[in-house]
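Coordinate analysis (summary)
Given next are the chains, with one letter for each unit.
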Amino acid sequence: MTPFGRFLLATLCGLVLAGLVHVAAVLAIPYLATGDALSQARATLANDTSVLVHAVETGGKAEGAPAAGWLPRQDPAVAVGICAYDLDDGPVRITAETGPLLETIALHGRNGAYYAITDQAALRGTVELVIMTKRQYDEALASADEDERNRDMRIVAPSREGFVSIRVLAALPSQQALANEAARSVSCTIDGPDE
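Report on the accompanying structure. The written sequence of each chain sets the order in which its residues are numbered from 1. In keeping with the model being predicted, local features are shown solely for residues with a pLDDT of at least 70 and side-chain atom pairs are shown and tallied solely at 80 or more, while totals for entire chains, interfaces and linings include all residues. No hydrogens and no water enter the side-chain calculation; it runs on all heavy atoms of the structure.

DSSP calls a pair of strands paired once it identifies at least 2 bridges connecting them. Labels follow the DSSP assignment, with helices taken as runs of H or I lasting at least four residues and strands as runs of E lasting at least two, numbered in each case from the N terminus. Spatially, β1-β2-β8-β4-β5 is the arrangement adopted by the five strands of the open sheet, whose pairing is antiparallel. The sheet terminates laterally at β1 (51–54) and β5 (112–118), the two strands that pair on one side only. The mean angle between the axes of side-by-side strands here comes to 25°, regardless of whether they run parallel or antiparallel. Pairing geometry for β1 and strand β2 (residues 78–86), over three bridges, is antiparallel. Counterpart to Leu 52 in the pairing with β2 is Gly 81. Where helix α4 (residues 176–184) meets the sheet, it contacts β1, β2, β4 (103–109) and β8 (161–169), and its direction lies at approximately 5° from that of β2. Throughout, an axis means a line fitted to C-alpha atoms (over the contacting stretch in the case of helices), and angles, computed between N-to-C directions, take values from 0 to 180 degrees. Contact between two residues is taken to exist if any of their heavy atoms lie within 4.5 Å; hydrogens are not considered.

This is the structure we're talking about:
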């Protein structure tokens, strides 16, 4: 092989190796990242209600450590609350009392959002979601009473860990406190076996 052929082969091998390292590094980022939204939201696992991470007041100050700069710049008229869940402890019930303000609830797993709902789906002023694994869903169906009406929405999560984000829009400055309270008051509790 000529010296130019060896140089060309070495260059080609170097480019292929660099490309493989680059692709591997990009694909590993989600698994190695410690500052992703799910990791940051885990701080709210012990809470029974959502934690306000973005208050409406002029882009307001977040409550507590969970939001310490990990959220992108938010709409100043939207209050954002989050609560994390771990389905190893059992199904998680999300309960939100709706009011005059637009409220959205989005469920997020490791790979992004997988379900979203607005307050328009409320039944008698309440939105109830139960997040569960496929096994928990099958058990709930097997033990359900056919004559009893169930008003909660059951959602099968793609992964055992995730978080719920609640966004409430304050269309007018006079609604800011109401939006913050609505985002803060969403209940995130573990469903017991008797419920």
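Our focus in this paragraph is a nonpolar patch on the surface. Only residues whose relative accessible area exceeds 30% and that take part in no salt bridge are eligible for patches, with like-charged residues grouped when within 9 Å of each other and nonpolar side chains (Val, Leu, Ile, Met, Phe, Trp, Tyr) grouped when within 5 Å. Residue-level accessible areas treat just the shown protein chains as cover; the underlying method is Shrake-Rupley with a 1.4 Å probe. Salt bridges are defined as contacts in which a side-chain nitrogen from Lys or Arg sits within 4 Å of a carboxyl oxygen from Asp or Glu. A contiguous nonpolar patch, built from Phe 4, Phe 7 and Leu 8 and spanning about 370 Å² of accessible area, is present on the exposed surface. Mapped onto the fold, Phe 7 is located in helix α1 (residues 3–32). By relative accessible area, which is 54% here, Phe 7 ends up exposed. Exposed residues in this analysis have more than 50% of their type's maximum accessible area, buried residues have under 20%, and partly exposed residues fall in between, with area computed by a 1.4 Å probe over protein chains only.

Here we take up the state of the cysteines. Disulfides are defined in this document as cysteine sulfur pairs within 2.5 Å. Under the criterion given, the structure shown has one disulfide. Covalently, Cys 83 is tied to Cys 188 through a disulfide, its sulfur atoms 1.9 Å apart. Residues Cys 83 and Cys 188 share a disulfide whose torsion about the S-S bond is about -70°; that sign makes it left-handed. Note that Cys 83 is positioned in strand β2 and Cys 188 in strand β9 (residues 187–190), a separation of 105 residues in sequence. Since its relative accessible area comes to 6%, Cys 188 is described here as buried.

So, on to α1. Multiplying 1.5 Å by the helix residue count minus one yields the expected span of that helix. Over its 30 residues, α1 runs 42 Å from end to end, which matches the ideal 44 Å to within 8%, given 1.5 Å per residue. By the criterion of burial, α1 is predominantly exposed, with just zero of the 30 residues buried.

The sheet contact formed by β2 and β8 spans nine bridges and is antiparallel. Bridging from a neighbouring strand, Val 80 pairs with Arg 167 of β8. Sheet topology places β4 next to β8; six bridges connect them, and they run antiparallel. Opposite Ala 106, over in β8, you have Ser 165 as the bridge partner.

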